[in-house]
Amino acid sequence: MTEHVRVAVIGSGFGGLGAAVRLRREGITDFVILERASSVGGTWRDNSYPGCACDVPSHLYSFSFAPNPDWPRTFSGQEHIRAYLEHVTDVFGLRPHLRLDSEVLRMTWDARELRWDVETSAGRWFADVVVSATGPLSDPKIPEIPGLDSFPGKVFHSARWDHDADLAGQRVAMVGTGASAIQIVPALQPEVSRLTLFQRTPPWVMPRVDRAISGAERALHRALPVTAQARRGLLWGIRELQVQAFTKRPNQLGLVEKLARQNMGRAIKDPALRARLTPDYRIGCKRILLSSAYYPALAQPNVDVVASGLSEVRGSTLVAADGSEAEADVIVFGTGFHVTDMPIADRVVGAEGRTLAESWKDGMEALRGASAAGFPNWMTIIGPNTGLGNSSMILMIESQLNYLADYLRQLDVLGGRAALDARPGAVHAWNRRVQDRMRRTVWNTGGCTSWYLDANGRNTTVWPGTTSEFRRATRRVDLAEYEVLRAPAAPAGTRTADSEVTA
Ligand SMILES: Cc1cc2nc3c(=O)[nH]c(=O)nc-3n(C[C@H](O)[C@H](O)[C@H](O)COP(=O)(O)OP(=O)(O)OC[C@H]3O[C@@H](n4cnc5c(N)ncnc54)[C@H](O)[C@@H]3O)c2cc1C
């Protein structure tokens, strides 16, 4: 039996859960949340590595409609963020909608019935609208390293931490120096016998002003919620003011670069190590990382920084691209995710029988970060060019939820069986505007290669503006940007697509 729902939400991270809350607030209860894992939480369920925490303060990195006066730290740890998402699931009555252990394997647009045919590992659904919230950072990427199979010890990715691996007293190799690695290194350094860090490109690292939020502050936020709102507003406003430097005046970032050098200089006294750790690109080109513990950990005698990527494995010997060798018992990959080649794109088959991956072969693009041409009534949360270099992704998610709500209202107003398909011209025009603005940004001009860029060197991930600009751009659906599709009238006496349950 295949059930029909109005909306199928895929994923139960901040994006999927946020969409579900918004649907309920719009009075829509005919929906399911399809999640491949056995619990909710997305990023904050999958990343349980030692030291995992947000790098945007918790009072901003949380839903505006579900404030949490009890955040324990300015930058809360993974377990607290995960608990927050479980709490949101309960408080907003989302459990009955959840279909866990349901991996979406394929979804195909049915142009005759104007609905999606969604195949999952636990059954099949028909849905009028699909909200794809599968996350830009949810499918870990491990590079193909010759000889990796010959490694006798444990090998795992930071986003799939092996909690059975006892790392105490072991020789651990950490591959990568991104946002996860710089949290893992200080957490592991005191317990392992040797930590070898394979660094292809050094990051710029600024101090992280992390502290426990006092009982008095929390009590104040509980008693007077306006104080938590003011705190959030301040955190947001500071980040909005930084955007111009990233998007229009990268030269202004020179001062920040000086502060980052000082941060390194305070902990790293060895000039040779300092040279290895000093980036050769403009700060901000790659994500600016926050840590007060990373450099002090690298200065410890049981840590080696290899200023070169891992290129080959020969048994327990790891060989870097510069020819240097190191022995290891365990390899941890902090090598990021499939961002511009996300696996879900291979599983979405649109109106012309093409997959989203085929349609995006020259680069991802979606109208207002949400709708792809030829994929009617399919909307992605945190789609192309919605990422942020310096602020909370929850702000972008909430903007997209406004867009989703209006999209569903427009469908209601149209009445009958209707679908909206983004016009190719509107998608290209939006994308041209985004890419024009991208030209001056630090991400494109700062002299680095980063995961923000796709295989063609195009930045299809970051939003080149403020979060308020994005909020304005997604307030309403402009019907002129969409083609309205209508179901062909069924001949009299035949069964129509409106049947709730189809055998
Ligand atoms: C370690 C780490 C730290 C981060 N810290 C910050 C931060 O401090 N600030 C910030 O703004 N952002 C941060 N991010 C970015 C973060 O990914 C986003 O902020 C946000 O959590 C993304 O939410 P999401 O719901 O879109 O995706 P996710 O949280 O990734 O959720 C996607 C969900 O979809 C499910 N899914 C995927 N494919 C399928 C399928 N085929 N079928 C069914 N289910 C599927 C996954 O299992 C997952 O549960 C961080 C990311 C990582 C990895």
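From a predicted model like this one, the values you see are computed outputs, not experimental measurements. (Residues numbered from 1 in each chain as written. Predicted model: local features only at pLDDT ≥ 70, side-chain atom pairs only at ≥ 80, totals over all residues.)

## Considerations on the overall build of the chain
Within the chain, the secondary structure is distributed over 14 helices and 21 strands. Taking 23 Å as the expected radius of gyration for a compact globule of 503 residues, we find that the chain reaches 24 Å, a close match to that expectation. The principal-axis extents of the C-alpha atoms in the chain amount to approximately 80 × 55 × 45 Å. Buried positions account for 45% of the 503 residues belonging to the chain. (Helix = DSSP H or I, 4+ residues; strand = E, 2+ residues; numbered from the N terminus. Rg over C-alpha atoms; globule rule 2.2 N^0.38 Å. Buried ≥ 20, exposed ≤ 12 C-beta atoms within 10 Å, placed from the backbone.)

## Looking at the site of the ligand
What surrounds the ligand is a group of 32 residues, the closest being G11, G13, G15, G42 and G135. At three residues, the largest contribution of residues to the shell around the ligand is made by helix 1 (residues 14-25). Taken together, the residues of the shell around the ligand sort by class into 15 nonpolar, 13 polar and four charged. (Near = placed C-beta within 6 Å. Nonpolar A, V, L, I, M, F, W, Y, C, P; charged D, E, K, R; others polar.)

## Regarding the sheet that holds strand 13 (residues 310-314)
Across the sheet, which stays open at both edges, the three strands sit in the order 13-14-15 with antiparallel pairing between neighbours. At either margin of the open sheet sits one strand with a lone partner, and together these are strand 13 and strand 15 (325-327). Sheet twist, expressed as the mean angle between neighbouring strand axes with direction ignored, is 25°. Pairing between strand 14 (residues 317-320) and strand 15: three bridges, direction antiparallel. Directly across from L318, in strand 15, lies its bridge partner A326. (Pairing = 2+ DSSP bridges. Axes fitted to C-alpha atoms, helices over the stretch in contact; angles between N-to-C directions.)

## A few points about the nonpolar core
The biggest cluster of nonpolar side chains holds 133 residues, and the ones touching the most others in it are A8, V9, A127, V130, V131, M174 and V185. If one sorts the elements of this core by residue count, helix 11 (residues 393-414) sits on top with ten residues. Shared between two domains, this core takes at least three residues from each, and those domains are domain 1 (2-139 + 338-490) and domain 2 (148-209 + 235-330). Those residues in contact with V131 that lie beyond four places of it in its chain are V7, V9, I10, A19, M379, I381 and L404. (Core = buried A, V, L, I, M, F, W, Y, C linked by C-beta atoms within 7 Å. Domains from an automatic or database assignment. Contact = placed C-beta atoms within 7 Å.)

## Observations regarding helix 12 (residues 424-438)
With 15 residues, helix 12 extends 21 Å between its outermost C-alpha atoms, agreeing within 8% with the 21 Å of an ideal straight helix rising 1.5 Å per residue. All of the buried residues in helix 12 are V427, W430, V434 and M438. Angular distribution of buried residues about the axis of helix 12 spans 85°; they occupy a single face of the element. Exposed residues lying more than 90 degrees from the buried face of helix 12 are G425, R432, R433 and D436. Considering only its buried residues, helix 12 is in contact with strand 19 (418-422) and helix 13 (442-445). (Expected span 1.5 Å × (residues − 1). Arc of directions from axis to C-beta.)

## Quick notes on the sheet that holds strand 8 (residues 171-175)
In spatial order, the strands read 7-16-8-9-12; together these five strands make up an open sheet with parallel pairing. Each having just a single partner strand, strand 7 (154-157) and strand 12 (303-306) make up the two edges of the open sheet. For this sheet the average axis-to-axis angle between neighbouring strands, irrespective of direction, equals 15°. Looking at chain direction, strand 7 and strand 16 (residues 330-333) are connected through four bridges and run parallel. Residue pairing across strands places K154 opposite V330, the latter belonging to strand 16. Set on the sheet, helix 4 (residues 181-188) makes contact with strand 8, strand 9 (194-198) and strand 16; between it and strand 8 the angle comes to about 165°.

## Digging into the environment of L367
With respect to the helices and strands, the residue L367 is situated in the loop between helix 10 (356-359) and strand 18 (378-380). Using a count of 25 C-beta atoms within 10 Å as the deciding quantity, one classes L367 as buried. Here the alpha-carbon distance between L367 and M379, two residues twelve residues apart in the chain, equals 9.7 Å. The residues contacting L367, other than those within four sequence positions of it, are A422, A426, V427, W430 and E481.

## Considering the domain arrangement of the chain
For the chain, the assigned domains are domain 1 (2-139 + 338-490) and domain 2 (148-209 + 235-330). With centres defined by C-alpha atoms, the gap from domain 1 to domain 2 works out at 30 Å. Listed by partner, the interface residues are 32 residues for domain 1 and 32 residues for domain 2. When residues of the side of domain 1 that touches domain 2 are traced back to their parent elements, those giving at least two are helix 13 and helix 14 (467-473). For the side of domain 1 that touches domain 2, the leading source of residues is helix 13, giving three residues. Partitioned by chemical class, the residues of the side of domain 1 that touches domain 2 number eleven nonpolar, 17 polar and four charged.

## A short note on the environment of Q199
Mapped onto the secondary structure, Q199 falls in the loop between strand 9 and strand 10 (205-206). Accessibility expressed as a C-beta count within 10 Å gives 21 for Q199, which makes it buried. Excluding its chain neighbours within four sequence positions, the residues that come into contact with Q199 are T177, V305, V306 and A307.

## Topic: the pairing of strand 14
Pairing of strand 13 with strand 14, which is carried by four bridges, proceeds in the antiparallel orientation. For R314, the partnering residue across the bridge sits in strand 14 and is T317. Between the end of strand 13 and the start of strand 14, which pair antiparallel, lie two residues, with G315 showing a positive phi angle near 65°. Here strand 14 folds back onto strand 15 in antiparallel fashion, the turn holding four residues, of which G323 has a positive phi close to 90°.

## Side note on the packing of helix 1 against helix 11
With their axes 10 Å apart at the nearest point, helix 1 and helix 11 run at an angle of 40° to one another. With respect to their mutual orientation, helix 1 and helix 11 come out oblique. The interaxial crossing formed by helix 1 with helix 11 has right-handed handedness. Residue-level contacts link F14, G15, G18, A19 and R22 of helix 1 to I394, I397, E398, L401, L404 and A405 of helix 11. Across the contact of helix 1 with helix 11, the residue classes tally to seven nonpolar, two polar and two charged. (Parallel < 35°, antiparallel > 145°, perpendicular 65-115°, else oblique. Left-handed = near helix turned anticlockwise from the far one by under 90°.)

## Topic: the environment of P424
Within the secondary structure layout, P424 lies in helix 12. Here P424 falls in the partly exposed class, since 14 other C-beta atoms lie within 10 Å of it. In sequence terms P424 and N385 are 39 residues apart; their C-alpha atoms lie 17 Å from each other.

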